Amino acid sequence: MHEDALSLLPKTDFSRRGFVVTTLASGFALAVQPISAQTITTDTSGLEAGEVKIPTSEGQMPAYRAMPATGSNFPTILVVQEIFGVHEHIKDICRRLAKLGYFAVAPELYARQGDVSGMSNIQDIIAKVVSKVPDAQVMSDLDATTAWAKKTGKANTAKLGVTGFCWGGRIVWLYSAHNPDLKAGVAWYGRLVGQPDDLHPKNPIDLVSQLKAPVLGLYGAADTGIPVESVEQMKKALKEANKPCEIVLYPDTPHAFYADYRPSYRKEAADDGWKRLQAWFKDHGVA
């Protein structure tokens, strides 16, 4: 972990815990089924894509990686999972990014705490797994993923971006305050404010002054879990801190509007957000 971030996070001992999840689940998480007919599937034509293992000090963390089948020195994007873990939708996002010329990798960041793919109740997912995942561990695992990507000889981690969805949207803000080598982040409907606890001592609103990379935030005005008031609060804080970030608030749009496999999908906002993501990364040196 970068030294300047150590003071932000608790001295959580997640070493020697080992990994409960050693391979990625196939298909979609049980909690999100049935899958919508509008689900987008990106093929692997022209790509090298599949599961990889990322070394950490506690063992091998499973991840999904996609990149162009030929060439090297690809700009690198860390893809941070939704609350449902690295299931088929997150893998597909990696393939979408790879089709654009990126080295995209999504580590399974719940791997020490448990497998959520077979859990049908979202409250169980939160209580039994997600709430037990320390922010310090996530920052460390994303650092490990970046280091692994660099060692492959295919990824150009000098051009490093991060994007994340739902649970991962919050993590994008945190990682952008953590890693001074990050070029840019794109956060999709990640929580901005909240009640801190020992494992999650800071929320994005608390870290505005420490942001090291410009973040594009994509939010829905009809998101019942992320009130517009909190989005406006974040926008004000970013402006006051003179941070080169941008937040887009889509009218009448719910949470998870990019999740094409769910009823929450809103094609117009999703397409606009994807175009903005590409432009944001390109404009900030992740291309």
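Sequence order sets the numbering: in each chain, residues are counted from 1 along the sequence as written. Local features in a predicted model are, by the rule used here, given only for residues with pLDDT of at least 70; side-chain atom pairs are given and counted only at 80 or more, and totals for whole chains, interfaces and linings are based on all residues. Side-chain calculation: all heavy atoms of the structure are included, whereas hydrogens and water are not.

Caption draft 1: Here's a closer look at the environment of Val138. Secondary structure elements are taken from DSSP: a helix is a run of H or I of four residues or more, a strand is a run of E of two residues or more, and numbering for both begins at the N terminus. Summarising the element assignment, Val138 is placed in helix 4 (residues 135-151). Overall, Val138 belongs to the buried group, its relative accessible area being 0%. Distance in space between the C-alpha atoms of Val138 and Glu268 is 32 Å, their sequence separation being 130 residues. In this view, Val138 contacts Leu109, Val133, Trp167 and Ile171; residues no more than four positions away in its chain are not counted. Exposed residues in this analysis have more than 50% of their type's maximum accessible area, buried residues have under 20%, and partly exposed residues fall in between, with area computed by a 1.4 Å probe over protein chains only. When checking whether two residues touch, look at their non-hydrogen atoms; a contact exists if any pair is within 4.5 Å.

Caption draft 2: Seen up close, the side chain of Glu58. Tracing the backbone shows Glu58 in the loop between strand 1 (47-56) and strand 2 (59-68). When its relative accessible area of 16% is taken as the criterion, Glu58 is described as buried. In protein, a polar contact requires one atom able to donate a hydrogen and another able to accept it; more generally it is a pair of N or O atoms within 3.5 Å, and residues adjacent in sequence count only if both atoms are side-chain atoms. Within polar-contact distance, the side chain of Glu58 engages the side chain of Ser57 at 2.2 Å. At 2.5 Å, the side chain of Glu58 forms a polar contact with the side chain of Arg112.

Caption draft 3: The arrangement of the layout of surface pockets in detail. Think of a 1 Å grid over just the protein atoms. A cavity is a set of points where a 1.4 Å probe fits yet cannot get out, a pocket is an open set with protein on both sides within 12 Å along at least five of seven lines, and lining residues have an atom within 4 Å of a point. Grid points are joined across faces, edges and corners, and a volume is the space filled by probe spheres set on the points. Of the volumes computed, that of the largest pocket is approximately 600 Å³. Around the largest pocket, the lining is made up of 24 residues, and of these Ile83, Ile126, Cys166, Trp167 and Arg191 lie nearest the centre. Elements represented by at least two residues in the lining of the largest pocket include exactly helix 3 (122-128) and helix 5 (167-178). Along the lines of polarity and charge, the residues of the lining of the largest pocket split into 10 nonpolar, nine polar and five charged. When residues are grouped by polarity, Ala, Val, Leu, Ile, Met, Phe, Trp, Tyr, Cys and Pro land in nonpolar, Asp, Glu, Lys and Arg in charged, and all others, Gly among them, in polar.

Caption draft 4: Expanded view of helix 6 (residues 228-240). Residue count minus one, scaled by 1.5 Å, sets the expected span of a helix. If you check helix 6, its first and last C-alpha atoms are 18 Å apart, about what 13 residues at 1.5 Å a residue would give, namely 18 Å. The inward-facing, buried residues of helix 6 contact helix 5, strand 7 (215-220) and strand 8 (246-250). Immediately beyond the C-terminal end of helix 6, within one or two residues, lies Asn242, with a positive phi of roughly 60°.

So yeah, pure geometry; function would need other evidence.
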